[in-house]
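Chain by chain, the residues run as shown.
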Amino acid sequence: MSRRPLLLATLAGTVLQVAMVVAGHTSPTIKGLFAVGGMGLSLLAGALYASLARPISKGGAASGGAIAGALCGFLGILVSYYLGDVPSSLLALGTISSGVTGAIGGLIAALAGGNGKRAAAGMVLLLSLSTRDAAAQHTVSTADMPRVESAGNPAVMELTDHRARRGVRLLTTRYDVPLPLLTTTYGEW
């Protein structure tokens, strides 16, 4: 296994992973794409390893790609964990997923037979399709916006956040207009 290509591929993947994690810490849209984006970046790190370590066998490309993808994925997830954006259980699962996609990236680059442009074009196409589908799942419609309900009493308004999904708590805030009394109730979905 070539050390220099492994180091460069891991470093490039780690820089991109950390940039995505830091951007996702402040942007819910990017945070929603952590899984697809993180694995995609590991795929690219694996392909970069195989491209830099030429000539290389398909097995060597896959194993080096797996190591580069897993390392950069682990470091990105670790930063995200310390920022409080992901649970600790994702460290193991995400690292394994990143390693697998890194191996796939290395294998794709090896199968491209030294034509890095062809391999990169195929991976960009694959990532754009995956990211587009993932982004479509996070599209916000007017039905997802908070609603104001009056229930016939003009002195009482309830603001309900209907954006909660998958076990996240529903937040209902009640405003009594004459006295600005604020009560908050929680319920599970």
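Every value quoted in this text rests on a predicted model; they were computed, and no experiment measured them.

**Q** I tried to follow the overall build of the protein on my own but got confused; where do I start?
**A** A count of helical and extended segments in the protein gives six helices and four strands. Considering the protein as a whole, with its 189 residues, one finds that 32% of them fall into the buried category. Accessible surface computed for the protein: about 11,100 Å², of which carbon and sulfur atoms make up 68%.

**Q** I tried to follow the environment of Ala 53 on my own but got confused; where do I start?
**A** With respect to the element layout, Ala 53 can be found in the loop between helix H3 (34–52) and helix H4 (58–82). Overall, Ala 53 belongs to the buried group, its relative accessible area being 6%. For the pair Ala 53 and Ala 110, spaced 57 residues apart in sequence, the C-alpha to C-alpha distance is 9.9 Å. In contact with Ala 53, other than residues within four places in its own chain, are Ser 2 and Pro 5.

**Q** Even after reading the chapter, I still don't get the packing of H3 against helix H5 (residues 89–111), so can you show me in this structure?
**A** A packed helix pair is summarised by two numbers, namely the angle formed by the two axes and the spacing between the axes. Where H3 contacts H5, the two axes come as close as 6 Å, and the packing angle between them is 40°. One finds that H3 runs oblique with respect to H5. Note that H3 runs across H5; the crossing there is right-handed. From H3, Gly 38, Met 39, Ser 42, Leu 43, Gly 46, Ala 47, Ala 50 and Ser 51 reach across to H5, where they touch Ser 97, Ser 98, Thr 101, Gly 102, Ile 104, Gly 105, Gly 106, Ala 109 and Ala 110. Residue composition of the contact of H3 with H5, grouped by class: seven nonpolar, ten polar and no charged.

**Q** Would you take a moment to explain helix H1 (residues 3–26) for this structure?
**A** Residues that lie three or four places apart on an α-helix share one face, since the helix turns once every 3.6 residues. With 24 residues, H1 should cover 34 Å at 1.5 Å per step; its first-to-last C-alpha distance of 35 Å lies within 8% of that length. Within the sequence span of H1, burial applies to Pro 5, Leu 6, Ala 9, Thr 10, Gly 13, Thr 14, Gln 17, Met 20, Val 21 and Gly 24. Buried residues belonging to H1 abut helix H2 (28–31), H3 and H4.

**Q** Any chance you could explain the packing of H3 against H4 here in plain terms?
**A** At their nearest, the axes of H3 and H4 sit 8 Å apart, and the two run at 140° to each other. With respect to each other, H3 and H4 are oriented oblique. Classified by chirality, the crossing of H4 by H3 is right-handed. Contacts between H3 and H4 pair Phe 34, Ser 42, Ala 45, Gly 46, Tyr 49 and Ala 50 from the former with Gly 60, Ala 61, Gly 64, Gly 65, Ala 68, Gly 69, Cys 72, Gly 73 and Ser 80 from the latter.

**Q** What's the story with the confidence of the model for the protein in this structure? I'm lost.
**A** Low pLDDT marks stretches whose predicted atomic positions should not be read closely. Looking at the protein as a whole, its pLDDT mean stands at 75, while 60% of the residues score no less than 70. Note on residues 138–150: pLDDT under 50 across the span, and 23 contacts to partners over four residues away in sequence or across chains. In this model, residues 153–166 is a region of pLDDT below 50 whose contacts with residues beyond four sequence positions or in other chains number 48 contacts.

**Q** In this structure, what is going on with a nonpolar patch on the surface? I would like to understand it.
**A** Taken together, the side chains of Met 1, Ile 67 and Leu 71 make up a nonpolar region of the molecular surface, amounting to roughly 280 Å² of accessible area. Following the sequence through the fold, Met 1 ends up in the segment before H1.

Cut-offs applied
- Residues numbered from 1 in each chain as written.
- Predicted model: local features only at pLDDT ≥ 70, side-chain atom pairs only at ≥ 80, totals over all residues.
- Heavy atoms only, no water.
- Helix = DSSP H or I, 4+ residues; strand = E, 2+ residues; numbered from the N terminus.
- Buried < 20%, exposed > 50% of the residue type's maximum accessible area, 1.4 Å probe, protein only.
- Areas by Shrake-Rupley, 256 points an atom, 1.4 Å probe, with all protein chains shown as cover.
- Contact = heavy atoms within 4.5 Å.
- Axes fitted to C-alpha atoms, helices over the stretch in contact; angles between N-to-C directions.
- Parallel < 35°, antiparallel > 145°, perpendicular 65-115°, else oblique.
- Left-handed = near helix turned anticlockwise from the far one by under 90°.
- Nonpolar A, V, L, I, M, F, W, Y, C, P; charged D, E, K, R; others polar.
- Expected span 1.5 Å × (residues − 1).
- pLDDT = per-residue confidence, 0-100.
- Patch = residues over 30% accessible without salt bridge, like charges linked within 9 Å, V, L, I, M, F, W, Y side chains within 5 Å.
- Salt bridge = Lys/Arg side-chain N within 4 Å of Asp/Glu carboxyl O.

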